[in-house]
Amino acid sequence: MEVDKEKALEMEKEKIKLSGTIDIINGEILNYLNKRKSISKYIVDYRKKVLEEFKDDEDKIAEYFDHERFVKEEAFTNIDRRLKELTLLKESPYFGKVDFLDKEYEDKEDFYVGRFGVTPEGSYQPAVVDWRAPIASLFYKGTLGESSYTSPQGKIDVEILGRRQYVIKKAKLIGLFDSAVDVKDDILQLVLSSNSGEKLKDIIMTLQKEQDEIIRQPREVTVVVNGVAGSGKTTIALHRVAYLLYNYRDILKDKVLIIGPNKIFMEYISTVLPTLGETGVKQTTFMNFALDILNIDDVMSFGDYTEKILSGDKAFIKEEEYKNSSSYLNYLDEKLKDMDRSYFNINPVIFKGEVIVSEEEIKELFNKHYSYMPLFRRSEKIKRILVSRIKDKRDEEFRRLKAEIKAYKESLSEEKLKEQQNNIEFNRKIKIRELIREVMKSRDEIDLWIIPESVEEIYNHINGNKPLTIDDLAPILYNDAEA
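What counts and what doesn't
- Residues numbered from 1 in each chain as written.
- Predicted model: local features only at pLDDT ≥ 70, side-chain atom pairs only at ≥ 80, totals over all residues.
- Heavy atoms only, no water.
- Phe/Tyr/Trp six-rings, centres within 6.5 Å; stacked < 30°, edge-to-face > 60°.
- Helix = DSSP H or I, 4+ residues; strand = E, 2+ residues; numbered from the N terminus.
- Buried < 20%, exposed > 50% of the residue type's maximum accessible area, 1.4 Å probe, protein only.
- Lys NZ or Arg CZ within 6 Å of the ring centre and 35° of its normal.
- Axes fitted to C-alpha atoms, helices over the stretch in contact; angles between N-to-C directions.
- Parallel < 35°, antiparallel > 145°, perpendicular 65-115°, else oblique.
- Left-handed = near helix turned anticlockwise from the far one by under 90°.
- Contact = heavy atoms within 4.5 Å.
- Nonpolar A, V, L, I, M, F, W, Y, C, P; charged D, E, K, R; others polar.
- Patch = residues over 30% accessible without salt bridge, like charges linked within 9 Å, V, L, I, M, F, W, Y side chains within 5 Å.
- Areas by Shrake-Rupley, 256 points an atom, 1.4 Å probe, with all protein chains shown as cover.
- Salt bridge = Lys/Arg side-chain N within 4 Å of Asp/Glu carboxyl O.
- Lys, Arg positive; Asp, Glu negative; His and termini not counted.
- Charge placed at Lys NZ, Arg CZ, Asp CG, Glu CD.

What to know about the packing of aromatic side chains
What the rule picks out here adds up to 15 aromatic pairs. Ring centres 6.4 Å apart and planes at 80° place the aromatic pair phenylalanine 344 and tryptophan 449 in the edge-to-face group. With phenylalanine 344 in the loop between helix 14 (326–342) and strand 9 (349–351) and tryptophan 449 in helix 17 (residues 414–450), the pair connects residues that are 105 residues apart, well separated along the chain. With a relative accessible area of 12%, phenylalanine 344 lands in the buried category. An aromatic cluster is defined as three or more aromatic residues linked by ring pairs; in this entry it consists of Tyr343, Phe344, Phe366, Phe376 and Trp449. When the ring centre of phenylalanine 139 is taken as reference, the NZ or CZ atom of arginine 163 above it lies at 5.3 Å.

A short note on the packing of helix 15 (residues 359–369) against helix 16 (residues 375–411)
For the pair helix 15 and helix 16, the least separation of the axes is 10 Å and the interaxial angle reads 140°. Considering the angle they form, helix 15 stands oblique to helix 16. You can see that helix 15 and helix 16 cross each other, and the crossing is right-handed. Residues Glu361, Ile362, Leu365 and Phe366 of helix 15 touch helix 16, and the partners they reach there are Leu375, Arg378, Ser379, Ile382, Ile385, Leu386 and Arg389. For the contact of helix 15 with helix 16, the class distribution of residues is seven nonpolar, one polar and three charged.

Thoughts on a nonpolar patch on the surface
A grouping of Val221, Val223 and Val225 is seen on the molecular surface, where their side chains present a nonpolar patch of about 170 Å² in accessible area. By the element assignment, valine 221 lies in the loop between helix 6 (209–215) and helix 7 (233–247).

Digging into a negative patch on the surface
Taken together, the side chains of Glu106, Asp107, Glu109 and Asp110 define an acidic patch exposed on the protein surface. Residue class for glutamate 109 comes out partly exposed when judged on its relative accessible area of 36%.

Written out as structure tokens, the structure reads:
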């Protein structure tokens, strides 16, 4: 009976806390609405001033409106994003609380953790801590007692005194649970009983210690997550994206790309990042990603591919399975090794009948000096070297011609020089043209053997010129990277 009274009292205290937090959020919403109104008024007033000041100068007005559009878009984008976050928080301001002792100052503190952070303007004390903030990792540590988190100033040692979890729906407290070890079955049941569309969004409430550690790995770390279907790999990946963008926005802004297997999957996950406050993250299917890089358009459609699989086309299924196997990778590696040994029919570089780069020298460039580079990138590098050697020979010939003409002019009397001036200039131009023709001839002879086929043409030879499917795209990209 006493326990029930204590729980009821705690519930009432938390309801009061929730009401106060919602009041803070409402105040912040009003504050941002006023900011938006103020910016709008400023822009309108400033526009009137500019139109009046430069009414006779259309170029100045056009230049102003370009600048105004940029400022306006930036300001309104930030304000609208924050308003959307605060509106979502009104429904459920937070889902957890941590009580802890700061070891350095021996101070007892607590914080509430939610989908987004809220710090009232003019205050340094957050009403709600964003789940992506470093200190929020304490909520996901699992056990009570000795712990730490990494702040911008370094490692902070703490003692976790308590962890509480909440289920708040439509600004009403439905339940609260004190959890010392892991997420309790009660809160899981409440979360998972919601419609399936919410399950992806609510994972931040039920993250386990191991999942949180994956999400909070340093930016420089490459993370690979293995698991069976339905184990939460995708949601963990998306929450890691949100975490990285929150903490490294200046570095990663516009540099994140999410690749999925098909359009249905991409639509399924498309609402997750916006609910975590991240918009503008590029999302595409692997097929579209590969096609953009390779500039190929004759690939079997996903519908035709699926139809062949579902119809039980055994030969097709067997071949596609082979293309997804390690055996096929080994086969491609062997083909690439063969190409490395014998793809180019190397010929010496000849200029005016003289060998200026021998076949042995070129082979040494391929097999020794630049052997670390993929074959076709290597060929581009070596081609630049050979062309440079041709240019060196051209410059040498040009200097020799210049010296010959100078010596010839000096051997003539002043009168003879005047007589021969036009002939000398005419012959000089002819010889320069001959020199240029020799340069072009030598370069064309290099192009006969050093310019490779396109990666698609090469792969088609390997593939027996069969129609390309989605399972050919990764091998083509692999060939492109390795060759």
